[in-house]
Amino acid sequence: MGDVIATNQTILVVGGGISGISAAIEAAECGKQVILLEKSPSLGGRVSQLHKYFPKLCFPSCGIEINLRRIKANKNLRVITMAEVAKVTGDAGNYSVEVKIAPRFVNEKCTACGDCSNAVESEFDDEFNYGLKQRKGAYLVSNMAYPQRYVIDPRMIGSEDANKAKDACKVGAIDLQMQEESLTINVGAIIWATGWKPYDAKKIQPYGYDRFANVVTNVEFERMADAFGPTGGKILRPSDGKEAKNIAFIQCAGSRDENHLKHCSRICCMASLKQTTYVSEREGKSTVYYIDIRAIDRIDDFYQKVQADENVSFIKSKVANIIEDKDGNPILKGVDTEGYNRYENQHDLVVLATGMEPSIPADAFPMDIKINEEGFIEADESNGAIFAAGCSSDALDVNRAVQQATGAALRAIQVVNKVAGMEG
Amino acid sequence: MSNGNTALAEKYRNNFLQEVIANVEEGEWVRMCMQCGVCAGSCPLGNAWAHTPQEIFMMIRAGKREEVLTSDSMWMCTSCYNCIVRCPRKLPITHIMHGLAHYAERMGLAPKNQPTRKFALEFWKNLTKTGRVNETSLGVKLYFIDGFVSGIKKGLAALPLGLRMFKTKRLDPMAMISSSGCKGKGDIHKILAKAKAIEDAKFQSKNA
Ligand SMILES: Cc1cc2nc3c(=O)[nH]c(=O)nc-3n(C[C@H](O)[C@H](O)[C@H](O)COP(=O)(O)OP(=O)(O)OC[C@H]3O[C@@H](n4cnc5c(N)ncnc54)[C@H](O)[C@@H]3O)c2cc1C
Ligand code: SF4
Ligand code: SF4
């Protein structure tokens, strides 16, 4: 790790998803010194794990590529991956931040040739694909990973495989002695953009996510539809590998529910509508079970388009429970609200439209911060110069998350400008 | 009671929801229902009812007073609590069902021959008479609930079971004639009378 120079005119951004990236770039392009910390080995966050991206249905890789180019071009912006904040002390305009950096065991000499990966045998669950496939113990997070630098899984350290990886590297980029590093940096303002995580579907007992192989979540479904995903873009049933042609989507799975997340996660209606297009493209049929569809403002056009698709049908009903027949087909039971008809519908595959919860649990923030009942950060004067961006403040789509990140960048710039004014 | 029914129907004219909120136990929850259908789909007896809880709640809002209060649906609830644990709005559905049944009874609109209702009344009579349930006499009443002939038939069919219960001292035929009841029976009667007076007064003052 080279020297990190930071002063109380520096802006720290925590979390390298689309919100953190946007806030960091905006501030750096305004001429401010910015440090961007990301916990995982690569920038991109959850957007990089999507197949396509509503409302335009383009691939997220192109948006990310534009942002990466802006990052590389900006000398005011310093990116540190595998880094987490341990503690924040101080006040607006003058914070001291303790940062812990986990060892990657691969230094900047890495050319991303992949020789180390080919040399090793150990495999682990692939986090990028939500554990739907295995990856090697020496790996690149994804094709789009930034930085384009391999990682050695710490669970492999001390094994024969680790040495094989080291020996395979022709440029000597692998350093198995790397240790966790700590550093303390001084900054004037902090943008908090640690994002969201999917609600744990196991907790929705009647839907049997942990009992039935053919019940998956919407984030997993994004990977299943992706050409670089576990099934090469074919939508296959986890139980028997058959192509799924008759797919059910269950809305509000764990959201708008006093027993789970009380809030509406806001994006999952749109996500399911988008995912029906993946199914239609593959000549399959979709059935969406919903309480009410919450497609907001301009996105309503998209809803109308999906409604016009004859391969997509809608059933106004929250599914009561799922059982499985002897062939592993999920059977959805419930009563619809338009006519009160009782149904028992068989499908090939069920996608639970699970909602978003904050990635950091309420009691795990390394600083004092005001959060609301749902655990999202609330804008409040007592937060000083710590500003939330994106999904750490609410369940948002990318468009809104980025708008909000820009707002946070402006607030942070105002703080460091004031510091500069006083010192200048 | 049916006079009370006319008065209340008049008082809350066109607003059955308000009537339920004011008078039915846990009735204020009805307005929280978002019509998702989970309770309807979760009720193990759902297809045996005329109306599921979801429907009953919508009917209350739609002002279908007569249909709701004369319905046998809420009498079919077995208190399995499946709906309560799943309702995303945490409505105490089971309790509302019982509250509605109770209110229908008070209004004199409950379906006269509904078996659960008949059994509930028998049970209450049996219990309050002596302060203790007399299982033998309650059981016999239950057998004859649909009339003499059907009672004899059911009795004969269950004879082997009865004999076995008799042998293992689980059935005491003498209890039919000599039932001592519990100590302080008189006090229990006084307590119940007082409770009824309080409840009636509360009801009257609310609906004066
Ligand atoms: C199934 C599904 C489909 C979706 N599809 C779309 C779509 O098509 N279009 C759309 O607009 N939106 C979509 N969304 C919403 C979209 O995913 C979010 O708007 C977006 O991810 C928000 O980005 P973010 O940067 O706020 O959070 P994240 O993407 O969660 O990024 C947060 C980043 O912070 C890092 N981090 C976490 N904790 C720490 C820490 N302690 N220290 C440092 N770093 C940390 C994480 O590793 C991550 O990189 C979808 C959501 C779902 C559930
Ligand atoms: S966005 Fe749709 S699916 Fe998600 S919680 Fe809100 S209403 Fe339910
Ligand atoms: S489960 Fe609850 S919210 Fe849903 S219809 Fe039944 S009572 Fe209403």
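Residues numbered from 1 in each chain as written. Chains lettered and ligands numbered in written order. Predicted model: local features only at pLDDT ≥ 70, side-chain atom pairs only at ≥ 80, totals over all residues. Heavy atoms only, no water.

1. Structural notes on the overall build of chain A
Counted only if it meets this: Per the convention used, a helix needs a DSSP run of H or I reaching at least four residues, while a strand needs a run of E reaching at least two, with both numbered from the N terminus. The size measure is the radius of gyration over C-alpha atoms, and the globule rule it meets is 2.2 Å times the number of residues to the 0.38 power. Exposure categories follow from relative accessible area, calculated using a 1.4 Å probe and restricted to protein chains: below 20% of the type maximum is buried, above 50% is exposed, and the middle band is partly exposed. Whether two residues touch is decided by their heavy atoms; if any such pair falls within 4.5 Å, the residues are in contact. Only the protein chains shown count as cover for residues, and all accessible areas are computed by the Shrake-Rupley method using a 1.4 Å probe. In this tally, Lys and Arg are treated as positive and Asp and Glu as negative; His is ignored, and so are the chain termini. Lysine's charge is taken at NZ, arginine's at CZ, aspartate's at CG and glutamate's at CD.
Within chain A one finds 8 helices and 22 strands. At 23 Å, chain A has a C-alpha radius of gyration in line with the 22 Å of a compact globule built from 424 residues. Here the C-alpha coordinates of chain A stretch approximately 70 × 55 × 35 Å along the principal axes. For chain A, with 424 residues in total, the buried portion stands at 54%. Counting only contacts in chain A whose residues sit at least 6 apart along the sequence, the fraction spanning at least 24 positions is 68%. Summing over all exposed atoms, chain A offers an accessible surface of approximately 18,600 Å²; the carbon and sulfur share of this is 48%. Placing the 49 positive and 57 negative side-chain charges of chain A at their respective mean positions leaves the two points 2 Å apart.

2. Some words on a nonpolar patch on the surface
Residues and elements named next belong to chain B. As a reminder, the rule being used: Patch definition: residues with relative accessible area over 30% and no salt bridge; like charges joined within 9 Å; nonpolar side chains (Val, Leu, Ile, Met, Phe, Trp, Tyr) joined within 5 Å. Counted as salt bridges are all cases of a side-chain nitrogen of Lys or Arg within 4 Å of a carboxyl oxygen of Asp or Glu.
A cluster of nonpolar side chains, V140, L142, Y143, F144, F148, V149, I152, L156, L159 and L163, forms an exposed patch at the surface whose accessible area comes to about 910 Å². Where the nonpolar patch is concerned, the elements lending two or more residues are helix 9 (135-143), helix 10 (148-157) and helix 11 (159-167). The greatest single-element share of the nonpolar patch, amounting to 4 residues, is contributed by helix 10. With respect to the element layout, I152 can be found in helix 10.

3. Comments concerning the sheet that holds strand 11 (residues 189-192) of chain A
All names here are of chain A. Put simply, the test is: Pairing between strands requires that DSSP locate at least two bridges from one strand to the other. Note on geometry: axes are lines fitted to C-alpha atoms, helical ones only across the stretch in contact, with angles between N-to-C directions running from 0 to 180 degrees.
Spatial ordering of the open sheet is given by 3-2-1-11-22, a layout of 5 strands whose pairing is parallel. Each edge of the sheet is formed by a strand with only one pairing partner; in this case those strands are strand 3 (77-81) and strand 22 (386-388). On average, each strand axis in the sheet is tilted by 20° relative to the strand beside it, whichever way the strands run. Sheet topology note: the strand 11/strand 22 ladder contains 3 bridges and is parallel. Within strand 22, the position partnered with I190 by the bridge is I386. Lying over the sheet, helix 1 (residues 18-29) contacts strand 1 (10-14), strand 2 (33-38), strand 3 and strand 11, oriented at roughly 165° with respect to strand 2.

4. Some details on the site of ligand 2
Residue and element names in this part refer to chain A. Let me state the cut-off plainly: Definition of nearness: a residue and a molecule or strand are near each other if at least one heavy atom of the residue lies within 4 Å of the molecule or strand. Under the convention adopted here, Pro, Cys and the residues Ala, Val, Leu, Ile, Met, Phe, Trp and Tyr are nonpolar, Asp, Glu, Lys and Arg are charged, and Gly plus all remaining residues are polar.
In the region of ligand 2, the neighbouring residues are Q251, C252, S255, R256, C264, S265, R266, I267, C268, C269, D292 and R294. Going through the elements one at a time, strand 14 (246-253) and helix 6 (268-281) are the ones with two or more residues in the shell around ligand 2. A breakdown of the residues in the shell around ligand 2 according to their chemical character gives 5 nonpolar, 3 polar and 4 charged.

5. Description of the state of the cysteines
All names here are of chain B. Rule in force here: Disulfides are defined as cysteine sulfur pairs within 2.5 Å.
Taken as a whole, this structure holds 0 disulfides over all chains when the rule is applied. Cysteine C77 shares no disulfide, and the gap to the nearest cysteine sulfur, in C83, comes to 6.4 Å. Its relative accessible area of 16% is what places C77 among the buried residues.

6. Thoughts on the domain arrangement of chain B
Where we set the bar: Source of the domain bounds: an automatic or database domain assignment.
For chain B, the domain assignment lists domain 1 (3-110) and domain 2 (115-197). Measuring from the centre of the C-alpha atoms in domain 1 of chain B to the corresponding centre in domain 2 of chain B gives 30 Å.

7. Some words on the domain arrangement of chain A
All names here are of chain A. As a reminder, the rule being used: Joining two parts hides part of their accessible area as seen by a 1.4 Å probe, and the buried area is that hidden amount summed over both. Two N or O atoms form a polar contact when they lie within 3.5 Å of each other; inside protein one atom must be a possible hydrogen donor and the other a possible acceptor, and for residues adjacent in sequence the pair counts only when both atoms belong to side chains.
Under the domain assignment, chain A is made up of domain 1 (10-101 + 180-195 + 359-423), domain 2 (115-168) and domain 3 (199-355). Taking the mean C-alpha position of each, domain 1 and domain 2 sit 27 Å from one another. The interface of domain 1 with domain 2 comprises 15 residues on the first partner and 10 residues on the second. Across the interface of domain 1 and domain 2, roughly 1,000 Å² is buried in total on both sides, 70% from carbon and sulfur atoms. Among the residues domain 1 hides against domain 2, the three largest losses belong to P41, S42 and Q49. Together they make up 43% of the total. Counting the contacts that link domain 1 with domain 2 gives 0 salt bridges. One can count 4 residue pairs in polar contact (both at pLDDT 80 or more) joining domain 1 with domain 2. Elements supplying a minimum of two residues to the side of domain 1 that touches domain 2: helix 2 (60-73) and strand 3. Among the elements that make up the side of domain 1 that touches domain 2, the one with the highest residue count is helix 2 (6 residues). Class assignment for the residues of the side of domain 1 that touches domain 2 results in 7 nonpolar, 5 polar and 3 charged.

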